[in-house]
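So you can see what is in the structure, the chains are spelled out below.
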Amino acid sequence: MGRTYIVEETVGQYLSNLNLQGKSFVSGLLIGQCSSQKDYVILATRTPPKEEKNENLRHPKDKLDNLLDEEWATEHANQVSRMLPGGLLVLGVFIITTLEMGNDFQNTLRRLVFAVEKSMSKKRLWNFTEEEVSDRVTLHICSSTKKIVCRTYDIHDPKSSAKPADWKYQNGLSASWLSLECTVHINIHIPLSTTSVSYTLEKNTKNGLIRWAKQIEDGVYLINGQVRADDCDLLEGQKKSSKGSTQAVSQSFDVRVLTQLLLKSDHRSTATVQICSGSVNLKGTVKCRAYIHSSKPKVKDAVQAVKRDILNTVADRCEILFEDLLLNEIPEKKDSEKEFHILPHRVFVPIPGSTVMLCDYKFGDESAEEIRDHFIEMLDHRIQTEDLEIAEEINTAFMSSSMNTEPSLDNTDDEQPKEPIKTTVVLKIQQNIGMITAFAVAVLAAGISFHYFSD
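Small disclaimer: the values here were computed from a predicted structure and weren't measured.

**Some points on the nonpolar core**
- Grouped together as the largest cluster of nonpolar side chains are 114 residues, with contacts concentrated most on L15, W167, L209 and W212.
- Examining the composition of this core, we find that 14 residues originate from one element, helix 6 (residues 299-328), more than from any other.
- Those residues in contact with L15 that sit more than four places away from it in its chain are A44, F94, I96, L139, I141, W167 and Y169.

This is the structure:
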C-alpha cells in the first residue's frame, strides 16, 4: 500500500488552470507536511519560466529530459524553501505535459525530485531523523486527458524505484492547522581561524552556526509555559466542541526555548586556543513560527517544527546577506576595521483562504511592493501589500540602547551604526582584507543571488 496525499481542493483548481502557453510542459513544486500516516499538500507553485535566447532553436519533439532546466528548477526550490515556516516542506514536484510527452515524464520526474532534495539539503543546519518519512512525491498530469499519475521515491535511497501513491482532494484542509510562535534571542560568536582563511566567509559562518544549532537542538521547549512529554498529544487538555472534537482551528501556542549554559556534570570540557584572523557576531532577536496539522498532533512533532524554523531563519538570513553584499559590491573595510550589517527581517504573508502564513525577508530599503512582487514570482499566488505582517520591527530606541550597552565578545569598544536599527538582528564582521577578498571571489564563482529570477 502506497502513501496517501491529502490535497487541498484549491491546489487541484490551481493545477487545472495552469496553461502550457504553447510549451510542451510546465513543472513546479508541491508544498505541505509529512506525517507518519499520510501527507498533506496545501500549495502548488509553478517554476517561473526562464527566458532562453536559443529557445526557438529547440526542436518541438526534443525529449523532456533535454527540455527541463534542472538547475533553474532546483534554484527555484531553494528560494521557495526559504519562504516556508517550520513544519512545511517541499514535498515533491509536479509536471504537466502535452499528450505527446505522456510517455516521457517518469525518468525526468525521478531525476528532478532527487536533484531538488539534494540541493535543499546542502543548506540545512539539521538532518532528518530515522523515524521521519523519506518518501517524496512526483505528480504527472496530462494537459489533454487530465489523467493523474502519482508516485513516490525514497530520497534516502538513490536506487529506489517508483511506488504508487493515492492523491485525494479535500476541501478546507488549509484551515486545519495549529500555529506555534516563538521569540529567540541570539548572541552567536563565530571565530574565523587562520587555518580556515581559504574558506569563504559564508562557509565559515555556516560552520559556526552548526555549533550553535546543537544548542538549539538540545534546548528545553516550553509550550504555553509547560514542559510536555514528547509523546503527549499537543491538544491534550484543550476544550471540546459540542460535537466532541477539539477546537483546533486557528489555535496558537506560545513556545519558549531554554538553552543550556553549562555542560552536564558527567561531561568534561577543554579550552581551545585558536589563532584567528577575525570573527563574526550575530546578535538580536528573531521571530519564529511553525505549523502542524491538527490531526492527532504530538508534542515532539510541534517542538521539532519550531526547532527547524529557528535554524532555518537564522541560516537563511545570513545567506541572503552574503548574496546582497556580493550583488551590491559593498566596499571592503581596511584591515582591523569592523563592519556592521543589518540582516533582513522577516515578513509573514498569508496564503489566501488559509490559516497558514508563509514568509519572506526584506532589507530596510525594500518596499512592500517589492516583497509582494517577489512572493508572486516565487509562489505564483496573488497577495495584497496590506496583508504583509512585518514581524520584527520593534522600538528603535530600545534596540539601539540594548546594542550599545552589550559588551563585545572580543573585548573592544564597538562603534554602533548611527542609523536607528529597525530590524532585530545585526551581523558584525571583523577580519582582514584577504578574508573579504577570498569571500568575494569564491561566492562570485558559485553563488546565485536571491534576485536571480528577477534579473
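**Details of the packing of helix 3 (residues 70-82) against helix 4 (residues 106-121)**
- Where helix 3 meets helix 4, the axes come as close as 9 Å, and the angle between the chain directions of the two elements is 45°. By the criterion of interaxial angle, the relationship of helix 3 to helix 4 is oblique. The chirality of how helix 3 crosses helix 4 is right-handed. Here E70, A73, T74, A77, N78 and S81 of helix 3 lie close against helix 4, whose contacting residues are R111, L112, A115, V116, S119 and M120.
- Split by residue class, the contact of helix 3 with helix 4 holds six nonpolar, four polar and two charged.

**Comments concerning helix 7 (residues 368-379)**
- For helix 7, with twelve residues, the first-to-last C-alpha span of 16 Å sits near the 16 Å given by 1.5 Å per residue.
- Listed in full, the buried residues belonging to helix 7 are I371, H374, F375, I376, M378 and L379.
- Those residues of helix 7 that are buried lie in contact with strand 2 (25-33), strand 3 (39-46), helix 3, strand 15 (345-350) and strand 16 (357-362).

**Observations concerning the sheet that holds strand 7 (residues 163-164)**
- One open sheet holds the eight strands; their spatial order is 7-6-5-4-2-3-1-8, and the pairing between them is mixed. Edge positions in the sheet fall to strand 7 and strand 8 (166-170), since each of these pairs with one other strand and no more.
- This element, helix 3, spans strand 2 and strand 3 of the sheet and lies at about 30° to strand 2.
- Sheet strands touched by helix 4: strand 4 (89-97), strand 5 (135-142) and strand 6 (148-154). Its angle to strand 4, the strand with the most contacts, is close to 150°.

**A few points about helix 4**
- Here helix 4 is 16 residues long and its end C-alpha atoms lie 23 Å apart, about the 22 Å a rise of 1.5 Å per residue gives.
- If you check which residues of helix 4 are buried, you get Q106, T108, L109, L112, V113, F114, A115, V116, E117, S119 and M120.

**Side note on a positive patch on the surface**
- On the surface, K38, K168, K296 and K298 cluster together into a positively charged patch.
- In this fold, K168 is placed in strand 8.
- Among the residues examined, K168 registers a relative accessible area of 45% and is labelled partly exposed.

**Examining the confidence of the model for the protein chain**
- Across the protein chain, the average pLDDT comes to 80, with 76% of residues at 70 or higher.
- Across residues 244-248 the pLDDT falls below 50, and counting only partners more than four positions away or on other chains, this stretch makes eleven contacts in the model.
- The low-confidence segment residues 393-424 (pLDDT under 50) makes 54 contacts with residues lying over four places distant or belonging to another chain.

**Focus: unusual backbone geometry**
- The backbone phi angle of Q21 is positive, close to 50°, even though this residue is not glycine.
- Examined against the element boundaries, Q21 turns out to sit in the loop between helix 1 (9-17) and strand 2.
- Positive phi is not limited to glycine here, since K296 has a value of about 50°.
- By the element assignment, K296 lies in the loop between strand 13 (276-293) and helix 6.
- In this structure K296 comes out as exposed when scored by relative accessible area, which is 69%.

**Notes on the side chain of R46**
- Along the polypeptide, R46 turns up in strand 3.
- In this structure R46 is buried but unpaired, with D380 as the nearest side chain of opposite charge at 5.0 Å.
- Look past the residues within four positions of R46 in its chain and what remains in contact with it is Y14, L18, N19, Q21, V26, S27, G28, H76, F94, M378 and D380.

How each quantity is defined
Residues numbered from 1 in each chain as written. Predicted model: local features only at pLDDT ≥ 70, side-chain atom pairs only at ≥ 80, totals over all residues. Heavy atoms only, no water. Core = buried A, V, L, I, M, F, W, Y, C linked by side-chain atoms within 4.5 Å. Buried < 20%, exposed > 50% of the residue type's maximum accessible area, 1.4 Å probe, protein only. Helix = DSSP H or I, 4+ residues; strand = E, 2+ residues; numbered from the N terminus. Contact = heavy atoms within 4.5 Å. Axes fitted to C-alpha atoms, helices over the stretch in contact; angles between N-to-C directions. Parallel < 35°, antiparallel > 145°, perpendicular 65-115°, else oblique. Left-handed = near helix turned anticlockwise from the far one by under 90°. Nonpolar A, V, L, I, M, F, W, Y, C, P; charged D, E, K, R; others polar. Expected span 1.5 Å × (residues − 1). Pairing = 2+ DSSP bridges. Patch = residues over 30% accessible without salt bridge, like charges linked within 9 Å, V, L, I, M, F, W, Y side chains within 5 Å. Areas by Shrake-Rupley, 256 points an atom, 1.4 Å probe, with all protein chains shown as cover. Salt bridge = Lys/Arg side-chain N within 4 Å of Asp/Glu carboxyl O. Lys, Arg positive; Asp, Glu negative; His and termini not counted. Charge placed at Lys NZ, Arg CZ, Asp CG, Glu CD. pLDDT = per-residue confidence, 0-100.

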